[in-house]
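This is what each chain is made of:
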Amino acid sequence: MGELICKIFSWPLIKFYELTGSYGVSIIVFALLVNLLMTPFMAKSKKSMMHTTLIQPRIQELQRRHEGNPQKLNQEMQKLYQEEGINPMSGCIWSLIPFPILIALYSVIRQPLTRMMFVAEEVVTTLQDFFVNQGWYTIPAKADAYMEIKLADIAHQHWDEVQTALAGQVDGLMNIDFGFLGLNLGQKPEWNFFMHTDWSDAAVGRPALGLFLIPFISAFLSWASMKISNMSNPPQAQNAQTDASMKSMTLMMPLMSIWICFVMPAAMGIYWIANSVFGIIRDFALTKVFKKQLDAEMAERAAARSEREKELEAKRLETERLKAEGKTTMNANTSKKKIQASEKQKQDERKAALDKAERAARRERRGEKEYEKPASQ
């Protein structure tokens, strides 16, 4: 199963590399492909999120009206979601898809010999022994998670010698150039690169600085992506706790991006950057499209609700008139149990309102501030 997943991700990378001749460009095109494939799913999530935001005033009204009756509140919330055609979980489900993609891509990038080119383990051993004998590679004291990247890079640098010396022994080996804009995307950025970099040699200093900047560019774009997404959504009322939670997430995601880009090859940072850029473009386009659609749908639903409310008000006025004239009769279809349940619900709500007022009065006498429950709860 793992090999099949790697083949699904490695095949387009190889094809893009063969078409462009650039490892970095192939990763950027791969990120574009992933975003195009994800667009239908993310569009559903985006529309659901925007729709939920637009009905926040109605949700808050239900929360206020049924504060003392959680069971009734849940029923009314489900009824509202069904009426509006919203699945509250759709936004969460589709937002998790990019993470398995990131893990699978990391596996392919980390092991280009066995999980991108799919050469046999014997070929990897042959290459390693040959490079050690030539003095091009030294086996580290501890296991190196990125050994295959280094072997593939050495094979590229000495391609003709490898093909001549190991003719017939390295079937499936590809000549992959990890260079991109003067950077080696097989290397990891170093946070302390300035301590051991020869700044007198521009060919050494510039690539080291470029690798160092990748995590911070990635973090900035990750932050910008979330800010633009939040700004593009219709505003909604939030309490202090919810607002603090959103600010914390906006800070944590970029910090996580910095950490990931420093512990992984630079190729992953390039993918993250490209993915953020394409995500911003996609979010902007979807917001523009769905804003028009949702405005039209909400106007249509509001008109339908207004019409229903007028009908109900007319019926109420007619009932009041008949009651005043003594001409009303009890509905024979209304059971005694249902009438009792309705009366009990009204009593519970009145009792909850009185309890709330009494608690508020006690807090006011003690000078305490009321705790604000987040809308998500």
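Everything quoted here is computed from the prediction, not taken from an experiment.

**Student:** What is the right way to look at the overall build of the chain in this model?
**Tutor:** Helices and strands together make up the secondary structure of the chain, namely 14 helices and two strands. The 377 residues of the chain split such that 36% are buried. In the chain, once contacts between residues fewer than 6 apart in sequence are set aside, the share between residues at least 24 apart is 74%.

**Student:** Which parts of the structure should I look at to understand the nonpolar core?
**Tutor:** The nonpolar side chains of a soluble globular protein tend to be buried with one another. Of all hydrophobic cores here, the largest spans 60 residues; its most connected members are Tyr 23, Leu 113, Leu 127, Phe 131, Leu 173 and Tyr 271. Secondary-structure elements contributing two or more residues to this core are α1 (2–20), α2 (23–54), α6 (98–110), α8 (121–134), α9 (147–157), α10 (159–165), α11 (202–232) and α13 (266–324). With nine residues, α13 is the single largest residue contributor to this core. Look past the residues within four positions of Leu 173 in its chain and what remains in contact with it is Leu 113, Met 117, Val 119, Leu 127, Ala 155, Trp 159, Val 162 and Gln 163. Judged by nonpolar contacts, the second largest core, of nine residues, contains Leu 62, Met 77, Leu 80 and Ile 86.

**Student:** Would you explain the pattern of salt bridges in this entry?
**Tutor:** For side chains of opposite charge, pairing can occur when their charged atoms come near one another. Considering all chains together, one arrives at five salt bridges under this definition. In this structure, the salt-bridge partner of Lys 72 is Glu 76, at a minimum N-O distance of 3.2 Å. Placement of the pair is Lys 72 and Glu 76 together in helix α4 (residues 70–84), with a separation of four residues, close to one helical turn. In this structure, Arg 316 engages Glu 313 in a salt bridge whose closest nitrogen and oxygen atoms are separated by 2.6 Å. Taken together, the residues Arg 316 and Glu 313, both in helix α13 and three residues apart, mark about one turn of the helix.

**Student:** Can you walk me through unusual backbone geometry in this structure?
**Tutor:** Negative phi values dominate among residues other than glycine, just as trans dominates among peptide bonds. Non-glycine residue Phe 118 carries a positive phi angle of around 55°. With respect to the helices and strands, the residue Phe 118 is situated in the loop between α7 (112–115) and α8. The phi angle at Leu 181 is positive, at roughly 55°, despite the residue not being glycine. Turning to its location among the elements, Leu 181 is positioned in the loop between β1 (179–180) and β2 (183–184).

**Student:** Would you mind going over helix α3 (residues 56–65) with me for this structure?
**Tutor:** Given 3.6 residues to a turn, an α-helix orients residues that are three or four positions apart in the same direction. All of the buried residues along α3 are Gln 56, Ile 59 and Leu 62. The buried side chains of α3 occupy one side of the element, clustering within an arc of 120° when seen end-on. Along α3, the residues that are exposed and aim more than 90 degrees away from the buried face are Pro 57 and Arg 64. Looking at the buried side of α3, the elements it contacts are α2 and α4.

**Student:** Explain the environment of Ala 274 here, please?
**Tutor:** Locating Ala 274 in the fold gives a position in helix α13. Taking relative accessible area as the criterion, Ala 274 reaches 7% and is therefore assigned buried. The sequence separation of Ala 274 and Val 29 amounts to 245 residues, and the corresponding C-alpha distance is 8.6 Å. Look past the residues within four positions of Ala 274 in its chain and what remains in contact with it is Ile 28 and Ala 31.

**Student:** How should I be thinking about the packing of aromatic side chains in this particular structure?
**Tutor:** Each pair of aromatic rings is reported with the distance of its centres and the angle of its planes. As enumerated under the stated definition, the model contains ten aromatic pairs in all. Judged by centre distance (5.9 Å) and plane angle (45°), the rings of Phe 131 and Trp 136 are tilted. We classify Phe 131 as buried; its relative accessible area is 0%. Through a chain of ring-to-ring contacts, the aromatic side chains of Phe 130, Phe 131 and Trp 136 assemble into a single cluster. A cation over an aromatic ring shows up here: Lys 7 above the ring of Phe 118, its NZ or CZ 5.5 Å from the ring centre.

**Student:** Looking at this model, I keep getting lost on the confidence of the model for the chain. Mind explaining?
**Tutor:** As a note on interpretation, predicted positions should not be read in detail where pLDDT is low. In the predicted model, the chain carries a mean pLDDT of 80, and 84% of its residues have values of at least 70. When mean pLDDT is compared element by element in the chain, α9 scores highest at 91, while helix α5 (residues 90–95) scores lowest at 60. Note on residues 235–239: pLDDT under 50 across the span, and ten contacts to partners over four residues away in sequence or across chains.

**Student:** How do you make sense of the side chain of Ser 257 when you look at a structure like this?
**Tutor:** Its location among the elements puts Ser 257 in helix α12 (residues 240–263). Non-local contacts of Ser 257, meaning those with residues more than four positions away in its chain, are made with Pro 215, Ser 218, Ala 219 and Trp 272.

Conventions and cut-offs
Residues numbered from 1 in each chain as written. Predicted model: local features only at pLDDT ≥ 70, side-chain atom pairs only at ≥ 80, totals over all residues. Heavy atoms only, no water. Helix = DSSP H or I, 4+ residues; strand = E, 2+ residues; numbered from the N terminus. Buried < 20%, exposed > 50% of the residue type's maximum accessible area, 1.4 Å probe, protein only. Contact = heavy atoms within 4.5 Å. Core = buried A, V, L, I, M, F, W, Y, C linked by side-chain atoms within 4.5 Å. Salt bridge = Lys/Arg side-chain N within 4 Å of Asp/Glu carboxyl O. Arc of directions from axis to C-beta. Phe/Tyr/Trp six-rings, centres within 6.5 Å; stacked < 30°, edge-to-face > 60°. Lys NZ or Arg CZ within 6 Å of the ring centre and 35° of its normal. pLDDT = per-residue confidence, 0-100.

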